[in-house]
There are 2 protein chains.
Amino acid sequence: MTNPENKTEVQNKGTIPTRVLPGFMELLPAEQIVFDRMKATIEEVYRTYGFVALDTPAIERAEVLLAKAGGETEKQIYHFTKGDNELALRFDLTVPLARYVSEHVNDLTFPFRRSHVAKVYRGERSQKGRYREFYQADIDIIGDGSLSLMNDAEIPSVIYEVFRRLNFGPFTIRINNRKMIAGLLESLEAGDMSIGVLQTIDKLEKVGEGEVHNLLTGLGVPDNVIRKIFEFISINGSTNEMLASLRALGIQNDLFRIGVDELEAVVQYLHVLGVPEECYAIDLTIARGLDYYTGTVYETVLRDHPELGSICSGGRYDNLAEKYTKRKLPGVGISIGLTRLFSQLKEIGLIETNVATSTKALVIPMVEDMAVPLAVATAIRKEGVATEVYFEDAKVKNKLAYANKKGIPFVVLVGEDEIAANTFAVKNMETGGQVMLAKEDIAAHIKETIK
Amino acid sequence: MTNPENKTEVQNKGTIPTRVLPGFMELLPAEQIVFDRMKATIEEVYRTYGFVALDTPAIERAEVLLAKAGGETEKQIYHFTKGDNELALRFDLTVPLARYVSEHVNDLTFPFRRSHVAKVYRGERSQKGRYREFYQADIDIIGDGSLSLMNDAEIPSVIYEVFRRLNFGPFTIRINNRKMIAGLLESLEAGDMSIGVLQTIDKLEKVGEGEVHNLLTGLGVPDNVIRKIFEFISINGSTNEMLASLRALGIQNDLFRIGVDELEAVVQYLHVLGVPEECYAIDLTIARGLDYYTGTVYETVLRDHPELGSICSGGRYDNLAEKYTKRKLPGVGISIGLTRLFSQLKEIGLIETNVATSTKALVIPMVEDMAVPLAVATAIRKEGVATEVYFEDAKVKNKLAYANKKGIPFVVLVGEDEIAANTFAVKNMETGGQVMLAKEDIAAHIKETIK
C-alpha cells in the first residue's frame, strides 16, 4: 500500500516519475481484493435494506459545490476551468445528493433511499492517515416534506449489520439527539450559542473536561449555563437509566422533551431490529461537528480501538437541499470513510492482506497443444469458479510457484497421461493432496473443498 | 437519463443550476440498476477468467498522462494545478496501467492479469453520444519480457462470454493481425508507410473503397502497392478459406508469415474455448486507429446494429510502458466503453429501464407500533432478500402505490389481525395473489416465486 505521507519522490525507473501522488492510496492486487471485499460487504448490506446504489459525476459545477462548502473544505476543493465551465471535483457525496434530488425531484419516489459508494476528493495538506482521494460509503433516506422518525431508528440496525459482517471486533454505535442540548440552552436563554456549544462538547473525548470548560468560557457561555451543560453530559448508566435521568432533570422546554422522546423511540426499536444491547449506547457528548444535523446523531467506535475515532457517523437533518430547491427535504444518513478505515485497520493488523486471490484454479499445461488445457479451464469456469491457464513457457516448478505467489488454492495438471486417461490431477496447494478427476467434476470438488 | 447534448440550461428551481453538466451521464434509479447489472456481468466474467480488479487514482501527474497522449487526446485532458502539483484526470485506463505496472513491477506476479472498470475523463466538444465522463471496462494481460500468443487466443473467449451473458443479440468478434499488412508493405518496400496505411484501411467500412484509394494515394502510396493492399483486404470466405488464401498470396516476408501463423493459432483455439463459429470472423480491414497495437487486433459488432460500430476493441502491443520503465512489458487487452454502449442500447430499445428495483419486499405497517413490522422485515432480510418498511404516515392505498412506482414485487401487510395470528399477508404485486405466512417463511416464498 502506498503511504500517504509526503516522502521524497524517487525517479528510479524512467524519466517520468511513476510513484503514485502523495495522499492517494494505491493498492497491490492482494490488498485490493481485501479492500473490494470490504466494500462489497457494505454494499450488500445497504442493498438488503432497500437502498438503490446511485452514481453521480465526480465533476460538478464549481458553484454547486462552493454553495455548500465552507471554511477548510472550500480550500480543499480541486477546481479548474474547461472551456466555459468552472468545474470542481466533489468533496463528499452529500452535496451531489442534494443536487441530484433537487434536479430529479419529480422523477423520484419518496421516501428516497439511496446508497452511494464512490471516491471523493479533498486537496488536504498531506499527512499520515489523510487522503486526497478516498472512498465514502453513504446511505441516506430523504423525505418529501416530512420523514418518519422510524428511519432514524432503522439506521443503527444497518450500521450494526455492516460491522457485524465486517467482523473487526466489538463495536458500539453511539446515539444522541441534538435537540436535547439545543433545548437545554434554549431553556437557559442561550439558544443562540447552540452550534458553538455542540461543536465544543464534541471535542470532549479528545481534549478533556477542563479544556471544554475553558473553550465554553471563551465562547462567552455564562458559568451557570456551563454548569448545566456539565450536569447534562455527565448523565450515565444503562439506556433506561439515562432516559430516566434526562427526564428527571426537569428541563421545561419543548425542544428538549422532543429530543428525549425521539432518542427513546430510536433506542427502543433497536432490540426488535436485532441489535444486541452491547452494540449501542446513548452518548450525550457526541454531536458531530457539522452544523446541519438537527436531531438524531450517530457515531460508531471499535471498542478495542478507540484511537480510530468514529468509523461510521451521521444523523438527521431538516433540509438537504435548501441551496438548490424550495422543496423541504428532510433526511437521515450515515457515511463510512472506507479508504481511511482500511488503511487504519491494516496498520493495526486487523485485516490481513498478504495473499488473497479471487482465482481459485490454475490449469498447468504440460503439453504443447493447448486444446485440452483450454477445454479443462472452460469446464471449470462454466461453474463460476475463477480459473487461469498458465500459458507461458516455463518449468513446472515455476508454474507452481506462480500459483503459490498468487495464493491460488488449486492447480490442475494437464499432461499426456491425463489427456489419455481423460482425468486430471487436481492438487490442493495448501494440503498438497491430489485427486484425479474428469474435467466436469473439478469445479464441484473445488467449491466443496473451499466451503 | 441525462442527454449529453448541450441543451440550453434552465435554472428552474433554486438560484444555483442543478442540471448535470453537458456530456455527463446521470441516471435515475431504475436506469442505474440496469446499468449496474450490465457492469456487474462484465466484472463477473472478467473475474471468472482470473483477472484481479484493480483501482488506481483518477488523478495522475499531468506529465504521466501527457507523455502518452497525443493530438486530440491531449487537448481533451482535464488538467489543473493544486499546490505545487500539475495534475490531470485520466483519459483512459491503459496509461494508468502502464504507470502502475512500472511502479510496482517488483511486487507483481507475471503474467499480470488485471481488470479495471472505472470512469475516465475527456473534455470533448459536447455532442450526441460523446461523453466527458464515461466508464471503461478493461482487461489486460501483461508479460515480463515475453507473453505467450495463447493469451491472444483466450481474449476472444472472454469477449464471447461477456456478450453472450449480456444478451444484446447476435454479435461477431472480428479478428485481424497487423503483422500481415505490415509484412505485406515491407515486402513491397513500403514498410515505413505501415501506420498511415493501417489507419486508412481502418476507415474502409465508414468511407468506402474509393475514398480509401484516394486517401492512400494522398499518403503517397504507389499504385502497385495500393493494388496489392486491395488484393489483400478483398480476401473473403470462411476462416479456413481465408487462411488458405492468405498463404496462397505467396508473399515472401517473415513478418507477413508470422502474422498469418499467429492469426491461425488464435482462431484455431476458439472452438476449444467454446466460442461458436458464427460469433467470430477474420476481418482483414480492421486495424484499430491506435499505433501501439503490433499483432492481434479485435473489434466486436452487434450484427443487427452495425451502426453502433465496435463495442469492444483491443489487441496485442509489444511494449506497455516504454515511457516509464526500461523493462519490456508486452501485453494484450480489450476495452468496453460502457457508458456509451449503455446509452446507445437504450436509444435503440435493446435495454429496458422502465421499472427495475433491487428491493424485493415492502413491509406495510397498518399499526402504530413498529415492533412487529420491523421484526418481519428483519426476518426477511436475514435470508438476503432486500426489504424496506414503509414508515411514513399514509393511506394503505398510497403505501401500495409506493411499491408499484418502485416496481417492488411483493408487499407484506402487517395489521392487528396478522399480528394476533402471527402470520402475514404476502401479496404478489404482479398477479395480485396473496398468501398468509409466518415471518420466517416469507423470504423463501419470495425467492421461490421470483425464481
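Anything mentioned here points back to the structure above.
Our subject in this report is the structure included herewith. Within each chain, residues carry numbers counting from 1 in the order of the written sequence. Starting at A for chains and at 1 for ligands, labels are handed out in the order in which the entities are written. Residue-level local features of this predicted model are given only where pLDDT is at least 70; pairs of side-chain atoms are given and counted only at 80 or more, and the full residue set underlies all totals for whole chains, interfaces and linings. As a rule here, side-chain values come from all non-hydrogen atoms in the structure, and water together with hydrogens is ignored.

1. Comments concerning the overall build of chain A
Turning to step 1, where the next piece is worked out: The numbering of helices and of strands both runs from the N terminus, where a helix is a DSSP run of H or I of at least 4 residues and a strand a run of E of at least 2. Across its full length, chain A holds 17 helices and 16 strands.
Turning to step 2, where the next piece is worked out: Once the C-alpha set of chain A is aligned to its principal axes, its extents read approximately 90 × 55 × 50 Å.
Turning to step 3, where the next piece is worked out: Accessible area is worked out with a 1.4 Å probe on protein chains only. A residue is then buried under 20% of its type maximum, exposed over 50%, and partly exposed in between. Scored against the burial criterion, the 451 residues of chain A give a buried share of 58%.
Turning to step 4, where the next piece is worked out: Nonlocal contacts in chain A, meaning residues at least 24 apart in sequence, comprise 67% of its contacts between residues at least 6 apart.
Turning to step 5, where the next piece is worked out: To be clear on the numbers: accessible area is Shrake-Rupley with a 1.4 Å probe, and residue cover counts the displayed protein chains and nothing else. When the accessible surface of chain A is totalled, it reaches about 18300 Å², and 46% of it is carbon and sulfur.
Turning to step 6, where the next piece is worked out: Neither His nor the chain ends contribute to the count of charged residues, in which Lys and Arg are positive and Asp and Glu negative. Think of each charge as sitting on NZ of Lys, CZ of Arg, CG of Asp or CD of Glu. Across chain A, the 52 positively charged side chains and the 63 negatively charged ones have centroids separated by 3 Å. Residues count as neighbours in contact if any of their non-hydrogen atoms are within 4.5 Å of one another.

2. Topic: helix 10 (residues 223–233) of chain B
Residue and element names in this part refer to chain B.
Turning to step 1, where the next piece is worked out: Burial in helix 10 covers these residues: Val-225, Ile-226, Ile-229, Phe-230, Phe-232 and Ile-233. Take helix 10 and look down its axis: the buried residues cluster within an arc of 155°, on one side only. Along helix 10, exposed side chains directed more than 90 degrees from the buried face belong to Asp-223 and Arg-227.
Turning to step 2, where the next piece is worked out: Taken together, the buried residues of helix 10 touch helix 6 (178–187), helix 7 (194–201), helix 8 (204–207), helix 9 (209–218), helix 11 (239–248) and helix 12 (254–268). Working definition: the arc comes from the directions between the helix axis and the C-beta atoms, pointing outward to the latter.

3. Structural notes on the packing of helix 1 (residues 29–48) of chain A against helix 13 (residues 338–347) of chain A
All names here are of chain A.
Turning to step 1, where the next piece is worked out: Axis lines are fitted to C-alpha atoms, over the contacting stretch for helices. Their N-to-C directions set the angle, which ranges from 0 to 180 degrees. Where helix 1 meets helix 13, the axes come as close as 11 Å, and the angle between the chain directions of the two elements is 125°. The orientation of helix 1 with respect to helix 13, classified from their angle, is oblique. Along this stretch, helix 1 crosses helix 13, giving a crossing that reads as right-handed. In this structure, helix 1 contributes Glu-31, Val-34, Phe-35, Met-38, Lys-39 and Ile-42 to the contact, and helix 13 contributes Leu-338, Thr-339, Leu-341, Phe-342, Leu-345 and Lys-346.
Turning to step 2, where the next piece is worked out: Each residue is assigned to one of three groups, with Ala, Val, Leu, Ile, Met, Phe, Trp, Tyr, Cys and Pro labelled nonpolar, Asp, Glu, Lys and Arg labelled charged, and all others, Gly among them, labelled polar. Of the residues contributing to the contact of helix 1 with helix 13, the split by class is 8 nonpolar, 1 polar and 3 charged. For classification purposes, angles smaller than 35 degrees are called roughly parallel, those larger than 145 roughly antiparallel, those between 65 and 115 roughly perpendicular, and all remaining angles oblique. Here a crossing is taken to be left-handed if its near helix is turned anticlockwise relative to the far helix by less than a right angle, and right-handed if that turn runs clockwise.

4. A closer look at the side chain of Ser148(A)
Turning to step 1, where the next piece is worked out: Residue position: Ser148(A) is located in the loop between strand 6 (133–142) and helix 5 (150–166).
Turning to step 2, where the next piece is worked out: Sequence-distant contacts of Ser148(A), defined by excluding residues within four places in its chain, comprise Arg316(A), Phe391(B) and Glu392(B).

5. Focus on the pairing of strand 6 (residues 133–142) of chain B
Turning to step 1, where the next piece is worked out: The buried fraction of strand 6 of chain B is high, at 10 of 10 residues.
Turning to step 2, where the next piece is worked out: Of the two faces of strand 6 of chain B, the one holding Glu133(B), Tyr135(B), Ala137(B), Ile139(B) and Ile141(B) and the one holding Phe134(B), Gln136(B), Asp138(B), Asp140(B) and Ile142(B) are both buried throughout.

6. Section: the packing of aromatic side chains
Turning to step 1, where the next piece is worked out: Think of it this way: a Phe, Tyr or Trp ring, Trp meaning its six-membered ring, pairs with another when their centres are within 6.5 Å, and the plane angle makes it stacked under 30 degrees, edge-to-face over 60, tilted otherwise. Counted by the stated rule, this structure contains 25 aromatic pairs over all chains.
Turning to step 2, where the next piece is worked out: Ring centres of Tyr160(A) and Phe171(A) lie 6.1 Å apart, and the angle between their planes is 40°; on these two criteria the pair is classed as tilted. Of this pair, Tyr160(A) sits in helix 5 while Phe171(A) sits in strand 7 (residues 171–177), placing them 11 residues apart in sequence.
Turning to step 3, where the next piece is worked out: Relative accessible area serves as the criterion here: at 12%, Tyr160(A) is assigned to the buried category.
Turning to step 4, where the next piece is worked out: On the basis of relative accessible area, Phe171(A) is assigned to the buried category, the value being 5%.
Turning to step 5, where the next piece is worked out: With 5.9 Å between their ring centres and 55° between their planes, Phe163(B) and Phe171(B) make a pair best called tilted. The burial state of Phe163(B) is the same as that of Phe171(B); both residues are buried.
Turning to step 6, where the next piece is worked out: Aromatic ring contacts, followed pair by pair, group Tyr78(A), Phe80(A), Tyr78(B) and Phe80(B) into a single cluster.
Turning to step 7, where the next piece is worked out: Positioned over the ring face of Tyr78(B) is Lys82(A), at 5.5 Å from the centre of the ring.
Turning to step 8, where the next piece is worked out: Just above the ring of Phe51(A) sits the side chain of Arg113(A); from NZ or CZ to the centre is 4.5 Å. Counting as a charge over the ring demands two things of the Lys NZ or Arg CZ atom: a distance within 6 Å of the ring centre and an angle within 35 degrees of the ring normal.

7. Things to note about the sheet that holds strand 11 (residues 331–337) of chain B
Residues and elements named next belong to chain B.
Turning to step 1, where the next piece is worked out: For two strands to be treated as a pair, DSSP must find at least two bridges joining them. Strand order across the open sheet formed by 8 strands is 1-5-6-11-10-9-7-8, with mixed pairing between neighbours. Either end of the sheet is taken by a strand with one partner, and the two such strands are strand 1 (52–53) and strand 8 (280–282).
Turning to step 2, where the next piece is worked out: Here strand 5 (residues 112–121) pairs with strand 6 via 10 bridges, running antiparallel. Following the sheet pairing, Ala-118 is matched in strand 6 by Gln-136.
Turning to step 3, where the next piece is worked out: Relative to strand 7 (residues 171–177), helix 12 is tilted by about 150°, and along the sheet it contacts strand 7, strand 8 and strand 9 (293–302).

8. Topic: the interface of chain A and chain B
Turning to step 1, where the next piece is worked out: Taken residue by residue, the interface counts 100 residues in chain A and 101 residues in chain B.
Turning to step 2, where the next piece is worked out: Buried surface area refers to the total accessible area, computed with a probe of radius 1.4 Å, that the two partners give up upon joining, counted for both partners together. Carbon and sulfur atoms make up 57% of the surface buried where chain A meets chain B, a total of about 8600 Å² over both sides.
Turning to step 3, where the next piece is worked out: When a carboxyl oxygen of Asp or Glu is within 4 Å of a side-chain nitrogen of Lys or Arg, the pair counts as a salt bridge. Summed over the shared surface of chain A and chain B, the number is 8 salt bridges.
Turning to step 4, where the next piece is worked out: We call two N or O atoms a polar contact when they sit within 3.5 Å, provided that within protein one can donate a hydrogen and the other can accept it, with sequence-adjacent residues counted only if both atoms are side-chain atoms. Along the contact surface separating chain A from chain B lie 44 residue pairs in polar contact (both at pLDDT 80 or more).
Turning to step 5, where the next piece is worked out: Looking at side-chain class alone, the side of chain A that touches chain B contains 48 nonpolar, 24 polar and 28 charged residues.

9. A word on the environment of Val45(B)
Residue and element names in this part refer to chain B.
Turning to step 1, where the next piece is worked out: Structurally, Val-45 can be placed in helix 1 (residues 29–48).
Turning to step 2, where the next piece is worked out: The exposure class of Val-45 is buried, given its relative accessible area of 0%.
Turning to step 3, where the next piece is worked out: Put simply, Val-45 and Val-158 are 113 residues apart on the chain and 7.1 Å apart in space, counted from C-alpha to C-alpha.

10. Comments concerning helix 17 (residues 439–450) of chain A
Because the α-helix completes a turn every 3.6 residues, residues three or four places apart line up on one side.
Residue and element names in this part refer to chain A.
Turning to step 1, where the next piece is worked out: Expected helix span is taken as 1.5 Å per residue step, with the number of steps being one fewer than the number of residues. Along its 12 residues, helix 17 runs 18 Å from first to last C-alpha, staying within 8% of the 16 Å computed at 1.5 Å per residue.
Turning to step 2, where the next piece is worked out: Turning to helix 17, its buried residues are Ile-442, Ala-443 and Ile-446. Viewed along the axis of helix 17, the buried residues span an arc of 95°, placing them on a single side of the element. What points out from helix 17, more than 90 degrees from its buried face, is the exposed set Glu-440 and Glu-448.
Turning to step 3, where the next piece is worked out: Considering only its buried residues, helix 17 is in contact with strand 12 (361–365), helix 14 (371–381), strand 14 (410–414), strand 15 (424–428) and strand 16 (434–437).

11. Examining the sheet that holds strand 9 (residues 293–302) of chain A
Residue and element names in this part refer to chain A.
Turning to step 1, where the next piece is worked out: Reading across from one edge, 1-5-6-11-10-9-7-8 is the order of the 8 strands in this open sheet, with mixed pairing throughout. Strands with a single pairing partner mark the edges of an open sheet, and in this sheet they are strand 1 (52–53) and strand 8 (280–282).
Turning to step 2, where the next piece is worked out: Where strand 9 lies against strand 10 (residues 313–317), 3 bridges are found, and the strand directions are antiparallel. By the bridge assignment, Tyr-293 is partnered in strand 10 with Tyr-317.
Turning to step 3, where the next piece is worked out: The sheet strands contacting helix 12 (residues 254–268) are strand 7, strand 8 and strand 9, and the helix crosses strand 7 at an angle near 150°.

12. Topic: the pairing of strand 6 of chain A
Turning to step 1, where the next piece is worked out: Bridging between strand 6 of chain A and strand 11 (residues 331–337) of chain A involves 7 bridges; their strand directions are antiparallel. Directly across from Ile142(A), in strand 11 of chain A, lies its bridge partner Gly331(A).

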